[in-house]
Amino acid sequence: MEGEVKVKSLKKALDILSYFSEKPLLGVTEISTHFGINKSSVHNILSTFEAAGYVEQDKESGKYRLGMRIFNLSRALGDNYAITKIAMPYLQELANRTGQRVYLAINYQMQVLYLEAMYPKASFHLIRNMLGSREELYCTGLGKAMLAYMPAETVDAYLTRSFHVYTDHTIVEPDKLREELGLIRQRGYAVDNMEREFGIRCVAIPIHDRNRKVYAAISVSGHATFVTDEKISEWAILIKEYVMEIEKRL
């Protein structure tokens, strides 16, 4: 249960800031319409966030995007988790060996929370800022890898939700999701087959703590034309090796 909101104006401002996680570029009119707040109030809130570095205005469109202050906060969040420092050298090795993006994430309030991302050296075209961002469990490799090893009652409660269809490959039916989670447990890894974003596939494996509870997950992600079934099988073995090393140090 959420706590009592004592400063409603602050809650309103934070809701607007959170909205940027859904749409990276937003205008005053769009925000005003979405939240039912007059434009002058929205403008004042955005101006305050801009002055503090939490948003910045695009000069061409006049719309706003998240600023570097948010990036700094997301880095600080990642640094608070011991797994980030433990995993970073392994993530970099994995990125170099696969030539693809590698992500580290945890489950936060039944969503994927990205803590770290690594890229193969000299592959700046692959850089995609995900740090601190959230995604859904049911349609991402990282999310499904963690969900598959959660307690049965937790999974049961989660599957009572309604799920958004992102692509033609998104699995939203509870029975099919249960089947998918069973397959993940059977083979030891999860696959995102363009379920969240068309053209992107990934393979992910969960990380367990010393009590064998799901602690986090690692994924290798890339364009579907390159991430073939053969590559997925090959990378799953590789990821598992690094996961085992990380788990020894938790």
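Counting starts from 1 at the beginning of each chain's written sequence and moves along it residue by residue. Residues qualify for local features only when their pLDDT is at least 70, as the model is predicted, and side-chain atom pairs are given and counted only at 80 or more; totals for whole chains, interfaces and linings, by contrast, use all residues. Note that the side-chain values use all heavy atoms of the structure and ignore hydrogens as well as water.

## So, the sheet that holds strand E6 (residues 190-193)
In step 1: In this analysis, strands are considered paired if DSSP registers two or more bridges between them. By the criteria applied, helices consist of DSSP H or I runs no shorter than four residues and strands consist of E runs no shorter than two, each listed in order from the N terminus. Spatial ordering of the open sheet is given by E5-E4-E3-E8-E7-E6, a layout of 6 strands whose pairing is antiparallel. Each edge of the sheet is formed by a strand with only one pairing partner; in this case those strands are strand E5 (134-135) and E6.
In step 2: We call two residues in contact whenever any of their non-hydrogen atoms come within 4.5 Å of each other. Lines fitted to C-alpha atoms define the axes here, with helix axes fitted over just the stretch in contact, and angles between the N-to-C directions of these axes take values from 0 to 180 degrees. Packed on one face of the sheet, helix H5 (residues 82-98) meets strand E3 (101-107), strand E4 (112-118), strand E7 (200-208) and strand E8 (214-223) and runs near 60° to E4.

## A look at unusual backbone geometry
In step 1: Even without glycine at this site, Gln 109 takes up a positive phi of about 55°.
In step 2: Residue position: Gln 109 is located in the loop between E3 and E4.
In step 3: Categorising residues by exposure relies on relative accessible area from a 1.4 Å probe, with only protein chains included: less than 20% of the type maximum marks a residue as buried, more than 50% marks it as exposed, and the intermediate range marks it as partly exposed. Judged by its relative accessible area of 58%, Gln 109 is exposed.
In step 4: A positive phi is found at Arg 212, a non-glycine position, where the angle reads about 65°.
In step 5: As for its placement among the helices and strands, Arg 212 is situated in the loop between E7 and E8.
In step 6: In this structure Arg 212 comes out as exposed when scored by relative accessible area, which is 52%.

## Notes on the state of the cysteines
In step 1: Cysteine sulfur atoms that come within 2.5 Å of each other are treated as a disulfide pair. The final tally for this structure, using the stated rule, is 0 disulfides.
In step 2: A disulfide-free cysteine, Cys 139 has its sulfur positioned 10 Å from the sulfur of Cys 202, the nearest such atom.
In step 3: In this structure Cys 139 comes out as buried when scored by relative accessible area, which is 0%.
In step 4: According to the relative accessible area criterion, Cys 202 is buried, its value standing at 6%.

## Things to note about H5
In step 1: What a helix is expected to span follows from its residue count: subtract one and scale by 1.5 Å. With 17 residues, H5 should cover 24 Å at 1.5 Å per step; its first-to-last C-alpha distance of 25 Å lies within 8% of that length.
In step 2: By the largest-angle criterion, Met 88 marks the main kink of H5, which is about 45°, and a proline, Pro 89, follows within four residues.
In step 3: Taken together, the buried positions of H5 are Ile 83, Thr 84, Ala 87, Tyr 90, Leu 91, Leu 94, Ala 95 and Thr 98.
In step 4: Backbone geometry just downstream of H5 places Gly 99 in the positive-phi region, at approximately 75°. The bend reported for a residue corresponds to the angle between axes fitted to the seven residues ending at that residue and the seven starting there.

## With respect to the environment of Gly 188
In step 1: Within the secondary structure layout, Gly 188 lies in the loop between helix H8 (174-187) and E6.
In step 2: Relative accessible area serves as the criterion here: at 24%, Gly 188 is assigned to the partly exposed category.
In step 3: Distance in space between the C-alpha atoms of Gly 188 and Glu 153 is 21 Å, their sequence separation being 35 residues.

## Notes on the packing of helix H1 (residues 8-19) against helix H3 (residues 39-52)
In step 1: Taken N-terminus to C-terminus, the directions of H1 and H3 make an angle of 70°; their axes are 10 Å apart at the nearest point. Classed by the angle they form, the pair H1 and H3 counts as roughly perpendicular. Of the residues in H3, those touching H1 at Lys 12, Ala 13, Ile 16 and Leu 17 are Ile 45, Leu 46 and Phe 49.
In step 2: Classification convention: Asp, Glu, Lys, Arg as charged; Ala, Val, Leu, Ile, Met, Phe, Trp, Tyr, Cys, Pro as nonpolar; all other residues, Gly among them, as polar. When grouped by side-chain class, the residues that make up the contact of H1 with H3 number 6 nonpolar, no polar and 1 charged. Note that the term roughly parallel is reserved for angles under 35 degrees, roughly antiparallel for angles over 145, roughly perpendicular for angles of 65 to 115, and oblique for everything else.

## Observations regarding H1
Residues that lie three or four places apart on an α-helix share one face, since the helix turns once every 3.6 residues.
In step 1: For H1, with 12 residues, the first-to-last C-alpha span of 17 Å sits near the 16 Å given by 1.5 Å per residue.
In step 2: Listed in full, the buried residues belonging to H1 are Ala 13, Ile 16, Leu 17 and Tyr 19. What you see down the axis of H1 is that its buried residues fit within an arc of 160°, all on one side. In this description, one arc is meant: the one made by directions from the helix axis to the C-beta atoms.

## Some details on the packing of aromatic side chains
In step 1: By convention, a stacked pair of Phe, Tyr or Trp rings (six-membered ring in the case of Trp) has centres within 6.5 Å and planes under 30 degrees apart, an edge-to-face pair has planes over 60 apart, and any other such pair is tilted. Taken as a whole and assessed by the stated rule, the structure comprises 7 aromatic pairs.
In step 2: Aromatic pair Tyr 19 and Phe 35: ring centres 5.5 Å apart, planes at 85°, arrangement edge-to-face. Taken together, the residues Tyr 19 in helix H1 and Phe 35 in helix H2 (residues 28-35) connect sequence positions 16 residues apart.
In step 3: Judged by its relative accessible area of 6%, Tyr 19 is buried.
In step 4: Taken together, the aromatic side chains of Tyr 138, Tyr 158 and Phe 163 make up a single cluster linked through ring pairs.
In step 5: To sit over a ring, a charge needs its Lys NZ or Arg CZ within 6 Å of the ring centre and within 35 degrees of the ring normal. Cation over ring: Arg 196 sits above Tyr 166, and NZ or CZ is 4.0 Å from the ring centre.

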